[in-house]
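# Coordinates in review
Here's the letter readout for the chains.
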Amino acid sequence: MNKFVACLIVFPLIAFTHLPVGAQTTSITYQGKLQTSAVPATGSFDFEFLLFDGLSGGNQVGPAVARNGVAVTDGVFAVSLDFGESFTGEGRFLEIRVKESGGGAFTVLAPRQNITSAPYSIKSLIADGATAAGTADTATNALSLGGVAAGQYVITTDARLTDERAPTAGSANYIQNTIIQQPASNFSISGTGTANILNAAAEYRIGNERILSTVGNENFFVGIGTGGGNTTGTFNSFIGSDAGFSNSTGSSNSFFGRRAGRSNTTGHDNSFFGQSAGLANTAGEGNSFFGVFAGASNTTGNSNSFFGLAAGTANTTGLSNSFFGSGSGFKNTTGTSNSFYGFDSGSLNTIGARNAFFGRGAGFNNTTGSDNSFFGLEAGFSNTTAVSNSFFGQHSGRDNSTGANNSFFGRSSGQSNTTGSFNSFFGRGAGFNNTTGRDNSFFGVGAGFANVDGNSNSFFGFEAGNRNTTGFSNSFFGDGAGFSNTDGRWNSFFGVFAGRANTEGDDNAFFGRAAGGFNTTGSANSFFGSSAGESNTIGGSNSFFGGAAGISNTEGNNNAFFGLNAGLENTTGGDNSYFGVSTGEVNATGIGNSFFGSGAGSVGTGGTNNTMLGRDANPTISNLSHATAIGAGARVSTSNTIVLGRGGGPDAVIVPGTLTVGVVGTGGATEVCRTIPSGLLASCGSSLFYKSDVRNFTRGLEVVSRLRPISFDWKGGGFRDLGFAAEEVAGVEPLLASFSDKGEIEGVKYRQITTVLVNAVNEQQAQIEELRALIAIQQRQIDDLKKRQKTSRKPKK
């Protein structure tokens, strides 16, 4: 019954049972207290009581006594026991066995109970025969002694009992009872003897081997050969065979165990405990060696503390070391100022100095490495010659061999590091697989977990840079930042999941939650803001600034998006520049567009080389090319068109030929025209002061409708252009053509076309006014549609 705890029988009361006439029997009463699981027992229990002649082992005396169904209340019980005439003067010990009534096997309660002297009145039963001498009549038997008092009786027929002969009284051949030491006396006694106090002047021996002595001043030597060579050493305590055997002048030493401190000669203030502890120590001072073979090879090393089996066994001259644990500092020879704590910690260290290894197997293989601190199970296990490392946590830096100046904190941090140096890994599994990588800083659980030989990386946050293997010069900050990066270089990711999927992309800067989250191989990107460039995979040389800026971009290159939702739906479009909230919001594949201002370019998709300047400046249709809208709310509807302000309307300006000017003035504000027929450049005056024969010009739409726009290649430059044919213009309205000084048709007066356009505009004004109201209604419908589109496409936070 395992629930009965040993040593729970307390306050035993043992007494004789008296018969009414006062005669004693061999029956005794035992009262005790029983506990089960540290609680006083209550119930019915079966007991067995056995008497022995020893506290443990020994022989049973008398019969076993069983008492079943004993009532126990609040732990207290009493039983009557009868062992017969078993109390004959020797020591007796009661063994009690107990189980619950009807239960399983008996439980033996330990220790056995010592039977005190009270029961020995039983011995009087044996002396009953002595009552025969209780009467004076039997005194006549004394006559048989020949009238000689019994105290003086001798055998008179043996001359040896009456003649005086050697040894005579007071002879040195007798052991005498005297206060003063009996001089020149030797004795040899066989058998077993008992004495109260033995006072030996020099030593005690067994088998002619000294086992106890106090040679010298206040020394205490116990064991064969202990302190055998001691001459003037003082205050020493040597216990064990050959302990302190060679000690001569060493003082204040305490050696316990066979051969402990055997070679010590002049060393002092040492404490050696265990077989062969400090065995070779000769002059070492202030050492404390505890355990079999602890500090066994130490000779002159000072101020060492070795605790555990074979701790510091090989140490010879090493100083100020503290080794705690079996095998700790086992091979240390001359290493100094080391602290090894734990089984086999620093076991192979030889000359390494100023190391601190804490934990089972910590720094196990370190041989000559110095200034290291390893804390945790097998921390720095494989380190051999590396210096200035600090490893804290189970298996941290376990495989490090020659890597130096590393700091690993957390379970398994830097576990696989071998030769990597100047690394700082903080967190469970941080830098786990790093082998040769150097100058890395990994902070957070799993940060830089897979890094092998990547250098100069800084990963901060849970699993930041987790998969990095050979990538270098990266900075990842935030939970999962740069998680999948393998060999990407020169990247900076800041924020939760920033650059999480990047594998080989280089020169990227991602700042904000999930910024560049799915980028894989895209390089030279800068994404700033929550989810900025989140979907980018291989797109490169992009700059996205603002929440969700470029969030849908996947392969587009050379884009610059600035502002919340700027370039929101761009996927593969490239060479775009969007500045402002929601600029280019719905443009997905457009190329070479420049949108500036809140909402600019947020209407229409596709399109190339368009320029929208101003808040809400937009095309009215998709896929325009070279269209320009300038001004807040400006709208452009056709390609190759410039619209200034909200009024709208086409405007195309073409300057043919080549204009060469030797010196150009600065700050001019007046237009320049070529005069006919002189060809001189002059200001383009429009004042009536320069005009005569002024008349109304009424032609408008009918002129415009006859003009034919054309595209062509300039012969002089070879580049493609568009405009009008001067000959055709002259045929429609000669006043719109310019002529050479020879009267040959030369060019088109593009500025004067505006005069015709004014008339055309006036002719259409009535139609415009009729449509204005309808346009306003449609505009409101478009604005409502835009708002719904923005809401549906905005990324979820």
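Note that the coordinates shown come from a computational prediction; the quantities given were computed from them, not determined experimentally. The residue count restarts for each chain, going from 1 along the sequence in the order it is written. In keeping with the model being predicted, local features are shown solely for residues with a pLDDT of at least 70 and side-chain atom pairs are shown and tallied solely at 80 or more, while totals for entire chains, interfaces and linings include all residues. Excluded from the side-chain calculations are hydrogens and water; all other atoms, namely the structure's heavy atoms, are used.

### Focus: the overall build of the chain
In DSSP terms, a helix is any run of H or I states spanning at least four residues, a strand is any run of E spanning at least two, and both are numbered starting from the N terminus. Each helix and strand counted, the chain has 4 helices and 45 strands in total. Taken over 797 residues, the chain has a buried fraction of 39%. Partitioning the contacts of the chain with sequence separation of at least 6, the portion at a separation of at least 24 is 13%. Only carbon and sulfur atoms are counted for the fraction: they give 56% of the accessible area of the chain, which is about 40200 Å². The buried label goes to any residue with under 20% of its type's maximum accessible area, the exposed label to any with over 50%, and the partly exposed label to all in between, with areas taken from a 1.4 Å probe on protein chains only. By the convention used here, residues are in contact when the closest approach between their heavy atoms is within 4.5 Å. Only the protein chains shown count as cover for residues, and the accessible areas themselves come from Shrake-Rupley with a 1.4 Å probe.

### Points about the pattern of salt bridges
The salt bridge definition used is simple: a Lys or Arg side-chain nitrogen within 4 Å of an Asp or Glu carboxyl oxygen. In total, this model carries 17 salt bridges according to the counting rule given. In this structure, R112 and E95 form a salt bridge, with 3.0 Å as the shortest nitrogen-oxygen distance. With R112 in strand β9 (residues 107-114) and E95 in strand β8 (residues 93-100), this residue pair connects regions lying 17 residues apart in the sequence. Of the two residues, R112 and E95, both sit in the buried class. Between D242 and R262 there is a salt bridge, with the nearest N and O atoms lying 3.4 Å from each other. Linking D242 in the loop between β13 (237-239) and β14 (254-256) with R262 in the loop between β14 and β15 (271-273), this pair joins segments that are 20 residues apart in sequence. Given the relative accessible area of 24%, R262 is considered partly exposed. Three or more residues are tied together by salt bridges with common partners; here these are E48, E95, R97 and R112.

### Observations concerning a nonpolar patch on the surface
Each patch groups residues whose relative accessible area exceeds 30% and which form no salt bridge, using 9 Å between like charges and 5 Å between nonpolar side chains of Val, Leu, Ile, Met, Phe, Trp and Tyr. A cluster of nonpolar residues, F596, L613, I630, I642 and L644, forms a patch on the protein surface that exposes about 400 Å² of accessible area. Here F596 lies in strand β34 (residues 594-596).

### Side note on the environment of L94
Within the secondary structure, L94 is located in strand β8. Separated by 18 residues in the primary sequence, L94 and R112 place their C-alpha atoms 5.4 Å from one another.

### Observations regarding the pairing of β8
Extensive coverage of β8 is indicated by the burial of 6 of its 8 residues. Strand pairing is assigned whenever DSSP detects at least two bridges linking the two strands. Alignment of strand β5 (residues 43-52) against β8, held across 8 bridges, turns out to be antiparallel. Across the sheet, the residue bridging to F49 is I96, located in β8. Note that β8 and β9 share 5 bridges and pair antiparallel. Pairing of R97 across the sheet is with V108, part of β9. Where β8 hands over to β9, the hairpin turn is made up of 6 residues, of which G102 adopts a positive phi near 75 degrees.

### Digging into the environment of P40
On the secondary structure map, P40 appears in strand β4 (residues 39-40). Judged by its relative accessible area of 33%, P40 is partly exposed. In this structure the C-alpha to C-alpha distance between P40 and V72, which are 32 residues apart in sequence, comes to 9.2 Å.

### So, the confidence of the model for the chain
Mean pLDDT over the chain works out to 81, with 83% of the residues at or above the 70 mark. How sure the predictor is of each residue is captured by pLDDT, a score from 0 to 100. Low pLDDT (under 50) marks residues 128-143, which in the prediction has 2 contacts with non-local residues, meaning those over four places away or in another chain. Here residues 648-664 is modelled with pLDDT under 50, and outside its nearest four sequence neighbours on either side it reaches 16 contacts, counting other chains as well.

### Digging into the nonpolar core
Only buried residues count toward a nonpolar core. Its members are Ala, Val, Leu, Ile, Met, Phe, Trp, Tyr and Cys residues joined through side-chain atoms within 4.5 Å. By size, the foremost hydrophobic cluster in this structure holds 48 residues, and its most contacted members are M612 and V636. Setting aside its immediate chain neighbours within four residues, M612 contacts S594, F595, F596, A600, G601, A617, N618, P619, A627, A629 and V636. Listed in part, the 21 residues of the second largest apolar core include F47, F49, F83 and L94.

### Structural notes on the side chain of E95
Given the relative accessible area of 7%, E95 is considered buried. N or O atoms within 3.5 Å of each other form a polar contact, as long as, within protein, one can give a hydrogen and the other can take it, and as long as residues adjacent in sequence are counted only when both atoms are side-chain atoms. Reaching out from E95, the side chain makes a polar contact with the side chain of R97 at a distance of 2.9 Å. Not counting residues within four places of it along the chain, the set of residues in contact with E95 comprises E48, F49, L50, F52, V108 and R112.

### Notes on the sheet that holds β9
One open sheet holds the 4 strands; their spatial order is β6-β5-β8-β9, and the pairing between them is antiparallel. What marks the edges here is a single partner per strand, and that holds for β6 (60-72) and β9. Going across the sheet, the axis of each strand differs from the next one's by a mean of 20 degrees, ignoring polarity. To get an axis, a line is fitted to the C-alpha atoms, and for a helix only the part in contact is used. The angle between two axes follows their N-to-C directions and goes from 0 to 180 degrees.

### Let's talk about the packing of aromatic side chains
Within 6.5 Å between ring centres, the rings of Phe, Tyr and Trp (the latter by its six-membered ring) count as paired, and their orientation is classed by plane angle as stacked under 30 degrees, edge-to-face over 60, tilted in between. For the structure shown, the criterion picks out 51 aromatic pairs. Relative to F340, the ring of F323 lies with its centre 4.7 Å away and its plane at 5 degrees, an arrangement referred to as stacked. Of the two residues, F323 is situated in strand β18 (residues 322-324) and F340 in strand β19 (residues 339-341); the sequence distance between them amounts to 17 residues. By the burial criterion, F323 is buried, and F340 matches it. When the centroid spacing of 4.7 Å and the interplanar angle of 5 degrees are considered together, the rings of F442 and F459 count as stacked. Placement of the pair is F442 in strand β25 (residues 441-443) and F459 in strand β26 (residues 458-460), with a sequence separation of 17 residues. Residue F442 shares its accessibility class with F459, and that shared class is buried. Above the ring of F52, the side-chain terminus of R112 is found at 3.8 Å from the ring centroid. Here the basic side chain of R500 rests over the ring of F483, its NZ or CZ set 4.4 Å away from the ring centre. The criterion is that NZ of a Lys, or CZ of an Arg, lies within 6 Å of the ring centre and within 35 degrees of the ring normal, and then a charge sits over that ring.

### Topic: the environment of G228
With respect to the helices and strands, G228 occurs in the loop between β12 (220-222) and β13. Sequence separation of G228 and S248 is 20 residues, and the distance between their C-alpha atoms is 8.7 Å.

### With respect to unusual backbone geometry
Residue P111 follows A110 across a cis peptide bond; omega there is 0 degrees. Within the element layout of this structure, P111 appears in strand β9.

### Considerations on the side chain of S251
As for its position among the elements, S251 is in the loop between β13 and β14. In this structure the side chain of S251 is engaged in a polar contact, spanning 3.1 Å, whose partner is the backbone nitrogen of T234. Beyond its immediate stretch of four places on either side in the chain, S251 contacts G233, T234, N236, G267, H268 and D269.

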